[in-house]
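Descriptive analysis of the structure
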Amino acid sequence: MAFDLIIRGGTIVDGAGMPGYRADIGVSDGIIAEIGDLSGEAATETMDADGHVVAPGFIDGHTHMDAQVFWDDIGSNSCWHGVTSVVMGNCGFTLGPCAEQDKDLVLHNLERAEDIPRQAMIEGIPWSWETYGEYLDAVDALAKGLNYAGFVGHSALRTHAMGERAMEEEATEEDLEVMKGQLADSLRAGALGFSTSRTSSHRLPSGKPVASRLASWDEVKALTAVMADLGAGIFQIARENVIEDPEERRAEHDRIKNLAVKSGVPVTFGGTWYKRPHPEAWRTQFRMVDETIAAGGKMMIQATSAWNGSLRSFETATPYDMIPVWKEFRKKPLEDQEKGLRDPKMRAKLIDAVKNHVHKPDPKLPNLYQRAVDWDWVFPYDHTLPPFRSISDVAKERGVEPIDAFIDLALDHHLKLFFIQPSFNDDQDYVLAHIRHPHSVVTFSDSGAHVATTCSPIHGHLLGHWVRDAQAIPLEIAIRKITLDIASFWGLEGRGWLHEGYHADICVFDPETIAPTLPVLFHDLPSGAPRIKQKTDGIKATIVNGEVFMRDNEHTGALAGRVMRGPLAHN
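Described in the following lines is the structure provided in the data block. (Residues numbered from 1 in each chain as written. Predicted model: local features only at pLDDT ≥ 70, side-chain atom pairs only at ≥ 80, totals over all residues. Heavy atoms only, no water.)

1. Observations concerning the nonpolar core
Within the largest apolar cluster, 99 residues are counted, with the highest numbers of intra-cluster contacts made by Leu95, Tyr135, Leu463 and Phe509. Sort the elements by how many residues they give to this core and helix α6 (residues 217-230) lands first, with six residues. For Leu95, the residues in contact, after removing those within four places along its chain, are Asp66, Ala67, Phe70, Val106, Leu107, Leu110, Ile125, Trp127, Trp129 and Tyr135. With 27 residues, the next largest nonpolar core counts Met346, Val354, Ala395 and Leu415 among its residues. (Core = buried A, V, L, I, M, F, W, Y, C linked by side-chain atoms within 4.5 Å. Buried < 20%, exposed > 50% of the residue type's maximum accessible area, 1.4 Å probe, protein only. Helix = DSSP H or I, 4+ residues; strand = E, 2+ residues; numbered from the N terminus. Contact = heavy atoms within 4.5 Å.)

2. Considering the packing of aromatic side chains
One pass over the structure, following the stated rule, counts 22 aromatic pairs. Centre to centre, the rings of Phe70 and Trp129 are 5.3 Å apart; their planes meet at 15 degrees, and the pair counts as stacked. Note that Phe70 is positioned in the loop between β6 (58-60) and β7 (83-88) and Trp129 in the loop between α2 (118-124) and α3 (132-140), a separation of 59 residues in sequence. Like Phe70, the residue Trp129 is buried in the burial classification. Taken together, Phe314, Tyr320, Trp326, Trp375, Phe406 and Phe419 form an aromatic cluster joined through their ring pairs. The ring of Trp217 has Arg255 sitting right over it, with the charged end atom 6.0 Å from the ring centre. The lysine or arginine in question, Lys533, covers the ring of Phe522, its NZ or CZ lying 4.4 Å from the ring centre. (Phe/Tyr/Trp six-rings, centres within 6.5 Å; stacked < 30°, edge-to-face > 60°. Lys NZ or Arg CZ within 6 Å of the ring centre and 35° of its normal.)

3. A closer look at the sheet that holds strand β9 (residues 152-153)
The strand order β9-β10-β11-β12-β13-β17 describes an open sheet built from six strands, whose pairing is parallel. Strand pairing shows two members of the sheet lacking a second neighbour, β9 and β17 (440-442), which therefore form its edges. In this sheet, strand β13 (residues 299-303) lies alongside strand β12 (residues 267-270) in parallel orientation, the contact comprising four bridges. The residue bridging Val267 from the neighbouring strand is Met299, located in β13. (Pairing = 2+ DSSP bridges.)

4. A closer look at the sheet that holds β6
Within a beta sheet, neighbouring strands are joined by backbone hydrogen bonds and run either parallel or antiparallel to one another. Taken together, the three strands give an open sheet; going across it, the order is β6-β7-β8, and neighbouring strands pair in parallel fashion. Pairing within the sheet leaves two strands with one partner each, and these edge strands are β6 and β8 (147-150). Going across the sheet, the axis of each strand differs from the next one's by a mean of 20 degrees, ignoring polarity. (Axes fitted to C-alpha atoms, helices over the stretch in contact; angles between N-to-C directions.)

5. Regarding empty space enclosed by the protein
Applying the stated rule across the entire model yields one cavity of 30 Å³ or more. Its volume calculated, the largest cavity comes out at about 190 Å³. Together, 22 residues line the largest cavity, and Asn77, Ser447, Gly448, Cys455 and Ser456 are the ones closest to its centre. Of all the secondary-structure elements, those providing two or more residues to the lining of the largest cavity are α15 (458-469) and β21 (531-533). (1 Å grid on protein atoms, 1.4 Å probe; cavity = no way out; pocket = protein on both sides within 12 Å on 5 of 7 lines; lining within 4 Å. Points joined across faces, edges and corners; volume = space filled by probe spheres on them.)

6. As for unusual backbone geometry
With an omega of 0 degrees, the peptide bond running from Gly96 to Pro97 counts as cis. Summarising the element assignment, Pro97 is placed in the loop between β7 and α1 (104-112). Residue Pro387 follows Pro386 across a cis peptide bond; omega there is 5 degrees. Assignment of secondary structure puts Pro387 in the loop between β15 (379-380) and α12 (391-398). Phi angles above zero are rare outside glycine, and Asp552 is one such case at about 50 degrees. Mapped onto the elements of the fold, Asp552 is located in the loop between β24 (547-551) and β25 (554-555). A positive phi angle, near 60 degrees, is found at Asn553, a position not held by glycine. Of note, Asn553 is situated in the loop between β24 and β25.

7. What to know about the pattern of salt bridges
Summed over all chains, the structure comprises 31 salt bridges. Taking the shortest distance from any N to any O, the salt bridge between Glu45 and Arg551 comes out at 2.7 Å. Of this pair, Glu45 sits in strand β4 (residues 43-48) while Arg551 sits in strand β24, and the two are 506 residues apart along the sequence. The class for Glu45 is partly exposed, based on a relative accessible area of 29%. For Arg551, a relative accessible area of 39% puts it in the partly exposed group. The structure contains a network of salt bridges with shared partners spanning Asp72, Asp524, Arg531 and Lys533. (Salt bridge = Lys/Arg side-chain N within 4 Å of Asp/Glu carboxyl O.)

8. Observations concerning the pairing of β13
Among the five residues that make up β13, five are buried, leaving the element largely enclosed by the rest of the structure. Alternating residues of β13 divide into Met299, Ile301 and Ala303 and Met300 and Gln302, and every residue in both groups is buried. In this structure, β13 lies alongside β17, joined through three bridges in parallel fashion. When the sheet's bridge partners are listed, Ile301 is paired in β17 with Ser440.

Printed below as a string of structure tokens:
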């Protein structure tokens, strides 16, 4: 038979965790038609994969692309990391159900909790829906390079049912019935499940908690029971992440474990974060997962492959921008800031302000200003794979104060150098344990969110650092944790496995060179708002539904992405 595409001579790592083997893949009509020796077969297009790994397209199970999908047809930054499918609607934040006249009720969630500029969303989203199903239909109608699936969000369900009251009070029985009805309708329309947030960092621009944080646990259980009754859907939760108080932590874990076991609904959550002041707390979080599985529940941890943190720079934001003298200084064009930092008097004024600064968290400010600066845990991002040196290390080597080292390093790069400030997961031994846990997947990129303060090239870091450089994880296991394990738990049928009859979502990469590139700032969002772009080197091709979407991480023009709907939409 003649194929549309043959990928020849690569090492196939199929996503199921089996050892790699050399073979060809033949693709027809967007489906993997044959795997084997196809040397005598013809194809409209052939691709030489000699020396490369041929894997399933990577799946990014934790994104916030809900708004971006309307103005970015290639789905960046995910598209540059070998990703072919993404799941949005995490943490309770979705654009439906919501009528256009009420859109601020849902935009405010993404604006503050996920750091997506409001004006970009206002200008970039052509609102045409009220229900979540109508939202999925709108995404379905778009030309897009990636496959998209989504949860329906708790905060959106609450504000649809309660309006402004959702941010002030618990729901009435009538409110809850409206939410349950909308959730059931959303699942039948194709939502993968239901998401919520209980975490204190998720706030509105006013500093108030997002709507889902006002919900009682009984409300959460009642909504989860809708999925149990329908026999479909998974529950994604941004947990309270109680670390300081062991009793409160145990109570939180018991609530989640009991919900998973009693309802039978699969539960997933992002990151059992490691925090230096409480270095053993993560073990109890892992224990919750182990106990849940042992009791018959289903649970999956969404791991990262590195630190959980954000990027700082003079191009975007520094930790001291809220200090009055810095705030005024930072209004100047970048070239004028560079001149000022080279002026001894101006520099001394700025440094004195830092030395006299007393950190006071303000919930009305963005998340990046909520933590005090610890120079032992701020790193110049002048290369992308470990090891890294801290600002404190650099300062000691140069015999200067850390703030001087910070400014000098920035000036060395004309203020365009980024610095990483980890918030959690400082201990990389913990990160490795996290990745190795039998009930974890590597999928917490947050793509589409925190657009000017973070970028998480988790796949290039996993494959470049942990697999190749550290040799800490076998390639086959790493691939499984970013493909089939996610597809299986999230219910993405026909994805995540190189197998005949499955969708031809494929990533072809060089295992010897794969690694993240350095981040670069652009002003290309609607309204001209800034965002960080970061790619992964070593990816020869990304194929979506049988069409070559990216070649050497340059878009080919193909836009073969689809909406992936949950099982009730298929009945």
